[in-house]
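Spelled out from the first residue to the last, the chains are:
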Amino acid sequence: MQSSASPRLVPFLMVLGSILSMGVGTSLAKAFLFPLVGATGTTALRTGFSALVLLALFRPWRRNITLRDLKFIALYGVTLGSMNLCFYLSLQTIPFGLAVAIEFIGPLTVTVLYSRKPADFFWIALAVTGMLLILPLEGNHSGLDLTGVMFALAAACCWGLYIIFGKMVSHLPSGHTVAIGLVFASMVTLPVGLLDAGAILAHPYLLLIGLVVAVVSSSLPMSLEMAALKRLPHKTFGILVSMEPAVAAFVAFFMLSESLTPTQVLAIVFSITAGVGSAMTSRPRATVLPT
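All residue numbers refer to positions counted from 1 along the written sequence of the respective chain. Since the coordinates come from a predicted model, pLDDT governs what is reported: local features require at least 70, and pairs of side-chain atoms require 80 or more to be given and counted, while whole-chain, interface and lining totals use all residues. Hydrogens and water are ignored here; the side-chain numbers use all heavy atoms of the structure.

A. Expanded view of the overall build of the protein. Helix and strand definitions follow DSSP, with helices as H or I runs of at least four residues and strands as E runs of at least two, each counted in order from the N terminus. Tallying secondary structure elements over the protein gives twelve helices and zero strands in all. Counting from the amino terminus, the protein carries its helices and strands in the arrangement α-α-α-α-α-α-α-α-α-α-α-α. With respect to the principal axes defined by its C-alpha atoms, the protein has extents near 45 × 45 × 45 Å. The burial tally for the protein puts 53% of its 291 residues in the buried class. Here, residues are in contact when the closest pair of their heavy atoms is within 4.5 Å. Nonlocal contacts in the protein, meaning residues at least 24 apart in sequence, comprise 86% of its contacts between residues at least 6 apart. Looking at the protein, you have 16 positive and 9 negative side-chain charges, and the mean spots of the two groups are 18 Å apart. For each residue, the accessible area found with a 1.4 Å probe, counting protein chains only, is set against the maximum for its type, and the residue is called buried under 20%, exposed over 50%, and partly exposed in between. When charges are counted, Lys and Arg are positive and Asp and Glu negative, with His and the chain ends excluded. To locate a charge, take NZ of a lysine, CZ of an arginine, CG of an aspartate or CD of a glutamate.

Spelled out as structure tokens, the structure:
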């Protein structure tokens with residue numbers, strides 16, 4: 001019985017490992033890179049090194065790609081780079097777990113647009129309700145920085161576009177698509193990150209930390225996700241990934257000492273419930289996740 005149960009457990013552990021790896025990598029970035037190179041420099045290091053690692057791993061130049069596919073990969077990559085940049089900018093002023101919860105509005109909105117089932121509108125309404133609990137609106141003393149929240153919402157919009165453009169090239173090997181997409185993502189993040197190049201030159205060890213962050217927060221999670229997707233139904237995969245805001249808050253509590261108020265915890269619970277509910281009621285479809 002143990003031998004038959006173990007293989008079924010492996011893909012679940014892969015998804016959990018992916019989420020934990022992303023959380024640890026992002027926390028390392030916020031703790032060690034943000035103070036020296038800021039969010040823009042950190043994003044440039046992450047996407048740049050991730051592109052180099054995945055290009056070496058998948059070698060996408062060995063496959064012929066049409067101009068049409070390259071155009072959509074470019075759009076996919078630009079939105080990926082913009083999403084990473086906005087997300088890291090949001091982390092400068094709001095907690096990690098809340099940033100992830102707000103960012104989840106993006107894929108939930110895409111689910112509604114593609115499905116248009118009544119249940120999906122309920123899930124997006126639940127997620128928005130959770131977000132309203134933490135928005136720094138008049139009469140709502142959330143304590144969150146409005147700029148950080150707006151960057152998280154911008155990251156959510158980019159995540160939604162990322163999924164839409166990713167569907168346009170879903171017929172291509174995912175490893176090749178992400179590797180080339182990260183090259184275009186780096187074209188967005190590197191020019192902005194060059195503003196902090198002086199700090200990187202003054203502290204060469206930052207390059208090593210940047211490589212570690214890129215592998216732990218992008219390359220490793222993406223590889224685990226792709227392997228898990230081959231073994232899990234998309235619905236199950238979506239349910240597991242919906243745990244990401246909770247895992248992010250948990251990791252940030254221990255690594256960054258970021259504690260949340262009861263209202264903020266409730267907002268994350270709403271986000272997770274919306275994600276799980278959306279995955280359970282949605283039709284089978286290709287899943288494209290950020291790296």
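Moving on, there is more to tell.
B. A look at unusual backbone geometry. Phi is positive for arginine 59, which is not a glycine, with a value near 45°. In this fold, arginine 59 is placed in the loop between helix 1 (2-58) and helix 2 (67-91). The backbone of serine 257 shows a phi angle near 60°, a positive value even though the residue is not glycine. With respect to the helices and strands, the residue serine 257 is situated in the loop between helix 11 (244-255) and helix 12 (262-281).

C. Examining the nonpolar core more closely. The criterion is simple. A nonpolar core is a set of buried Ala, Val, Leu, Ile, Met, Phe, Trp, Tyr and Cys residues joined through side-chain atoms within 4.5 Å. Counting 85 residues, the largest nonpolar core has Phe87, Tyr88 and Phe96 as its most contacted members. In terms of residue count, helix 1 provides more of this core than any other element does, 14 residues in total.

D. Structural detail: the packing of aromatic side chains. The rule is short: rings of Phe, Tyr and Trp, with Trp giving its six-membered ring, pair when the centres are within 6.5 Å, and they are stacked under 30 degrees, edge-to-face over 60, tilted in between. What the rule picks out here adds up to eight aromatic pairs. Here the aromatic rings of phenylalanine 34 and tyrosine 88 are separated by 5.7 Å at their centres, their planes lie at 55°, and the arrangement is tilted. Here phenylalanine 34 is found in helix 1, whereas its partner tyrosine 88 is found in helix 2, with 54 residues between them in sequence. On the accessibility criterion, phenylalanine 34 (13% relative accessible area) is buried. With relative accessibility at 1%, the residue tyrosine 88 sits in the buried group.

E. Structural view of helix 6 (residues 146-168). The end-to-end C-alpha distance of helix 6, which contains 23 residues, comes to 34 Å, matching closely the 33 Å that a straight helix rising 1.5 Å per residue would cover. You can read the cap of helix 6 off the contacts: a side-chain oxygen lies 3.2 Å from the backbone nitrogen of threonine 147, and it is on aspartate 145. The span one expects for a helix is its residue count, reduced by one, times 1.5 Å. Counting of polar contacts relies on pairs of N or O atoms within 3.5 Å, with two restrictions inside protein: one atom must be capable of donating a hydrogen and the other of accepting it, and residues adjacent in sequence are counted only when both atoms are side-chain atoms.

F. Looking closely at the confidence of the model for the protein. On a scale of 0 to 100, pLDDT captures the predictor's confidence in every residue. For the protein, mean pLDDT is 85; residues scoring 70 or higher make up 90% of the total. At the low end of the mean pLDDT range in the protein sits helix 8 (residues 197-202), at 69; at the high end sits helix 2, at 94.

G. Up close: helix 5 (residues 118-134). Spanning 17 residues, helix 5 covers 26 Å between terminal C-alpha atoms, matching the ideal 24 Å at 1.5 Å per step. All buried positions along helix 5 are accounted for by Asp120, Trp123, Ile124, Leu126, Ala127, Gly130, Met131 and Ile134. Each buried residue of helix 5 lies within a common arc of 150° when the element is viewed along its axis, so the set occupies one face. Within this analysis, the arc is defined by the directions that extend from the helix axis to the C-beta atoms.

H. The packing of helix 4 (residues 105-115) against helix 5, seen in detail. Running from N to C, helix 4 and helix 5 point in directions that differ by 160°, and their axes come no closer than 9 Å. As the angle between them shows, helix 4 and helix 5 are arranged roughly antiparallel. The way helix 4 lies across helix 5 gives a crossing that is left-handed. The residues of helix 5 that touch helix 4, namely those facing Ile105, Leu108, Thr109, Thr111, Val112 and Ser115, are Asp120, Phe121, Ile124, Ala127, Val128 and Met131. Lines fitted to C-alpha atoms define the axes here, with helix axes fitted over just the stretch in contact, and angles between the N-to-C directions of these axes take values from 0 to 180 degrees. We call two directions roughly parallel when the angle between them is under 35 degrees, roughly antiparallel when it is over 145, roughly perpendicular when it lies between 65 and 115, and oblique otherwise. Put simply, a crossing is left-handed when the front helix is turned counterclockwise from the back one by less than a right angle, and right-handed when it is turned clockwise.

I. Broad picture of the packing of helix 3 (residues 96-103) against helix 6. Running from N to C, helix 3 and helix 6 cross one another at 45°; their axes reach a closest spacing of 8 Å. On the basis of the axis angle, helix 3 is oblique to helix 6. Here helix 3 and helix 6 pass one another in a crossing that is right-handed. Contacts from Ala99, Ile102 and Glu103 of helix 3 reach helix 6 at Val149, Ala152, Leu153, Ala155, Ala156 and Trp159. Amino acids are sorted into nonpolar (Ala, Val, Leu, Ile, Met, Phe, Trp, Tyr, Cys and Pro), charged (Asp, Glu, Lys and Arg) and polar (every other residue, Gly among them). Grouping the amino acids of the contact of helix 3 with helix 6 by side-chain chemistry returns eight nonpolar, no polar and one charged.

J. The arrangement of the pattern of salt bridges in detail. Only one rule defines a salt bridge in this text: a Lys or Arg side-chain nitrogen within 4 Å of an Asp or Glu carboxyl oxygen. Taken as a whole and judged by the stated rule, the model has two salt bridges. Of the charged contacts, one joins lysine 30 and glutamate 258 as a salt bridge, the two residues approaching to 2.5 Å between their closest N and O atoms. Highlighted residues: lysine 30 in helix 1 and glutamate 258 in the loop between helix 11 and helix 12, separated in sequence by 228 residues. Of the two residues, lysine 30 and glutamate 258, neither departs from the other in class, the shared state being buried. Between aspartate 69 and arginine 68 there is a salt bridge whose closest N-O contact spans 3.7 Å. A relative accessible area of 7% places aspartate 69 in the buried class. We classify arginine 68 as partly exposed; its relative accessible area is 46%.

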